Amino acid sequence: MADPTPADRNRGHPIASVPLGPPDQFRVTLPTPLTPLVGREREVAEVAALLSRADVRLLTLSGPGGVGKTRLSIEVAAEVVDAFPDGVRFVGLAPIRDAALVAPAIGQALGVREAGDTPLIERIVAFLHDRYVLLVLDNFEQVMEAAPLVADLLGACPRLTILATSRARLRISGEREHVVPPLGLARPGEADRSEAVLLFVARAQAVKEDFALTPDNTVAVAETCRRLDGLPLAIELAAARVKVLSPMALLFRLEKRLPLLTGGGRDLPARQRTMRDAIAWSYGLLTPELQALFRRLSVFAGGFTLEAAETVADAPGDNAALVDGIAELVDQSLLFPEPGPYGGSRFAMLETIREFGLECLETTREAEAARDAHAAYFVGFGERARPDFGGRFDLVEADHANLRAALTRLQETGDADGVLRLAGALAGFWQVRGHHGEGRRWLEWALARTADRPTLIRGQALQALGLVTWSQGRYDDAAGFAQASLAIADQVGDKQLAAAALTLLGLTDEIRFRWERAKPHLERSLLLRRELRVRISEAVVLFLLSGVALGMGDTALATRRAEESLAAFGEVGDPHGAANAAGYLALSALERGDDRAAALAYHDALRLWSSVGDRWWIVKALAGLAWIAATGEEPETAAMLVGGVDALLDVVGAPIFPFDRVTYLHAAASAETVLGDELFARLRATGRGCTLPDMMAIASAVNVPTGSEWHGRPPPGRVSAVLRLIEAGRTDREIIEMLKTRLTRPGRGRAPATSRDVSPREAQVLGLIAEGKTDAEIAAALFVSRRTVNAHVANVLGKLKVPNRRDAVARARDLGLLPAVPDQSRYT
């Protein structure tokens, strides 16, 4: 029976509470709050109930800044996770001001990338169309021009639900608004039960452990919360001061600094004026030096590192004072620390506070200088990072909002040279992280507005533009940009640029099966990289040359180049590159008919890609292990892995590379031959519905052949044979049918299932089915997701060649896998 819709599943039943954390990091992407939510039980229940209704597909949490809309949305989303089987995705819009960037932000949260000339919004719609997904759009008020995009998504995706937070309604059809109220205030004699007071006490204890509500301070604390209208952020700011002020002194200062109905414009809600003054009051208690630091730090979008703060805050020679200043701002709740990539540290401001800081910058006439310093720093940051293959892209990703802000500032001031430098330096980041269209727009804008002179920066920008257009499948354009970049490299005498341009030329030829043309480009690039002694770049070219050798039919050279690449990546400690090299070793092994060596190499590649959290290149290992499973005793596993590859290609929006298409088609043909069209299609659909972690777990369990394959030792040349068919323009279906014809020979069928066919894990699942357990109960018992259980069940049905669970239990009893029980009526 198909899963019910979220509305059907929850109608008449409470929504179960689901924790924020793993196991499924790709299905649920919610920020992890640093502190527990105080109060709000009623609001959480009300909003969760609204989301369970079939007629509520857009719910907007509205209210002033600082009322806790974001925190409430995270809590509610965690509460209703189980009602959305295809996931909950959080899209933070706080750093974005341009409505045109809303679609890329949604695509990034979903893992949907741009591909070719297909508009990104069409790819997002294709991804969401048949999925039950909850999309949380946070801080929508600053991109209100994107409201029609939300309407379009809801109209095109009938199973999508959107939870938005905004200071104002989106004003589109079907919107349901829920005004987020302030925290409950104290009633006479009940201060210790007030949500606002409880929040004050919790935050005060965070800075002063021995703080407690006493008969002497209760009235002052309750009155302080009342004067702040129960706004959570204002209360937190005030509570942070108990380290230096008693509650009564705090109330006195609050009364003095926050007269009722003063602050912001009189046309704004009173709570919003109080909020502005609450921040102004906290700001006013800072020393002039800390005020200046706070103002300068507000220029950062999406957080910052200490190194960035040193430059932008104009404190390069006084690191200790800067650290002390940041620590003080953290103590005052004007900044908060957050973990950075690779164990580093970052700091950020809540957006409401940041907006106040930016206003102060304008008032003190420091805004222009601060923005210029910010842009200059990030131009240098981009050029220092210059993320290439094997680069630490998470460091750049963490500052993506800052990089966008810097590019925007450079564009506003007409600094096309600056845009050219920064956008050109980010070529690898645009390409690897799938921001192809964004990178291309910046590069084209800058190239059109700078002099057409043979400068190194222009050559780098042309090479960058070639790389992102290559990623979009525009291979002729990419080759033209690479040629132009190479010409500039020759004129200015820059070997590094020449090597990069030659590599790109080799890529444009290789992807079009022009092996003889690709080889000299890559070999010349290899010589230059060895001369420059850039080991990681040399390793990249080596595995590309391995592919060229394989395409030309030289399996020995392909193996040697892949081994050289693997050794080089090992020297520089790059697991991502090593995984690619292992993938080419596996392909070479498949070509010469050594499935055991191929399986070992693919398992190594899978482990390496998993270690760096890769979500795209891992498709190579999944497709390769699908082939290994298909040619062994595991066609059911192969069928599910083929479906997993289908789903991954849909999400990332990139074309499958020729060599991966070879393994993918071999796996599909072999599995379909053994299983038959109907069962293969069913298992493939099961795989398509699995999450990436599930797919990785299934691929990890593929057996390594111990000797000759079950149908005899495979012939050599299997990779190149299919590669020639792809080169000739054959469709996937045509190639699969041709392979199936070769595979369907006498003796190639499977024997009836035996007890040895069912793995111990599958037998465990069978036992739980026999006990009448549901998928959810089995998942809980085995500590896996429900989709992993579904995959195991599908695998068992395929191995036992039965259509349903009842027959599976009966067949398992016949095989002695389960004890005989006469009554099987509950296993329907």
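Residues numbered from 1 in each chain as written. Predicted model: local features only at pLDDT ≥ 70, side-chain atom pairs only at ≥ 80, totals over all residues. Heavy atoms only, no water.

### Quick notes on helix α37 (residues 760-770)
Along α37, the residues that are buried comprise Glu-762, Val-765, Leu-766, Gly-767, Leu-768, Ile-769 and Ala-770. Gly-772 occupies a position one or two residues after α37 and carries a positive phi of about 85°. (Buried < 20%, exposed > 50% of the residue type's maximum accessible area, 1.4 Å probe, protein only. Helix = DSSP H or I, 4+ residues; strand = E, 2+ residues; numbered from the N terminus.)

### Overview of the environment of Ala-186
Considering the arrangement of structural elements, one finds Ala-186 in the loop between β6 (175-179) and α7 (195-207). Put simply, Ala-186 and Ala-196 are ten residues apart on the chain and 7.5 Å apart in space, counted from C-alpha to C-alpha.

### Section: the sheet that holds strand β2 (residues 58-62)
Strand order in the open sheet formed by six strands is β1-β3-β4-β5-β2-β6, with parallel pairing between adjacent strands. Edge positions in the sheet fall to β1 (28-29) and β6, since each has one partner strand and no second. Of the strand pairs in this sheet, β2 and strand β5 (residues 160-166) are connected by five bridges, and their pairing is parallel. Bridging from a neighbouring strand, Leu-58 pairs with Ile-162 of β5. (Pairing = 2+ DSSP bridges.)

### Re unusual backbone geometry
Positive phi outside glycine occurs at Arg-365, with the angle close to 60°. With respect to the helices and strands, Arg-365 occurs in the loop between α15 (351-363) and α16 (367-385). The exposure class of Arg-365 is exposed, given its relative accessible area of 79%. The residue Phe-513 is not glycine, and still its phi comes out positive at about 65°. Mapped onto the elements of the fold, Phe-513 is located in the loop between α24 (495-510) and α25 (515-532).

### Things to note about the pattern of salt bridges
Counted according to the given criterion, the structure contains 45 salt bridges. Salt-bridge contacts for Lys-495 lead to Glu-531; the nearest nitrogen and oxygen are separated by 2.0 Å. With a gap of 36 residues between them, Lys-495 in helix α24 and Glu-531 in helix α25 connect regions that are remote in the sequence. A relative accessible area of 46% places Glu-531 in the partly exposed class. A single salt-bridge network, built from bridges that share partners, covers Asp-476, Asp-509, Arg-512, Arg-514 and Arg-517. (Salt bridge = Lys/Arg side-chain N within 4 Å of Asp/Glu carboxyl O.)

### So, the nonpolar core
Among the nonpolar cores identified, the biggest contains 169 residues, and Phe-294, Leu-297, Phe-304, Ile-326, Leu-329, Leu-622 and Leu-641 are the most heavily contacted of them. Dropping the residues within four chain positions of it, Leu-297 is found in contact with Phe-304, Ala-309, Ala-313, Ile-326, Leu-329, Leu-335 and Met-349. Residues Val-47, Leu-50, Leu-59 and Val-88 belong to the second largest nonpolar core, which totals 49 residues. (Core = buried A, V, L, I, M, F, W, Y, C linked by side-chain atoms within 4.5 Å. Contact = heavy atoms within 4.5 Å.)

### Here we look at the packing of helix α28 (residues 575-591) against helix α29 (residues 595-611)
With their axes 8 Å apart at the nearest point, α28 and α29 run at an angle of 165° to one another. Between α28 and α29, the interaxial angle falls into the category roughly antiparallel. Note that α28 runs across α29; the crossing there is left-handed. The segment α28 lies against α29, with Pro-575, His-576, Ala-578, Ala-579, Asn-580, Ala-582, Gly-583, Leu-585, Ala-586, Leu-587, Ala-589 and Leu-590 engaging Asp-595, Ala-597, Ala-598, Ala-601, Tyr-602, Ala-605, Leu-608, Trp-609 and Ser-611. For the contact of α28 with α29, the class distribution of residues is 16 nonpolar, four polar and one charged. (Axes fitted to C-alpha atoms, helices over the stretch in contact; angles between N-to-C directions. Parallel < 35°, antiparallel > 145°, perpendicular 65-115°, else oblique. Left-handed = near helix turned anticlockwise from the far one by under 90°. Nonpolar A, V, L, I, M, F, W, Y, C, P; charged D, E, K, R; others polar.)

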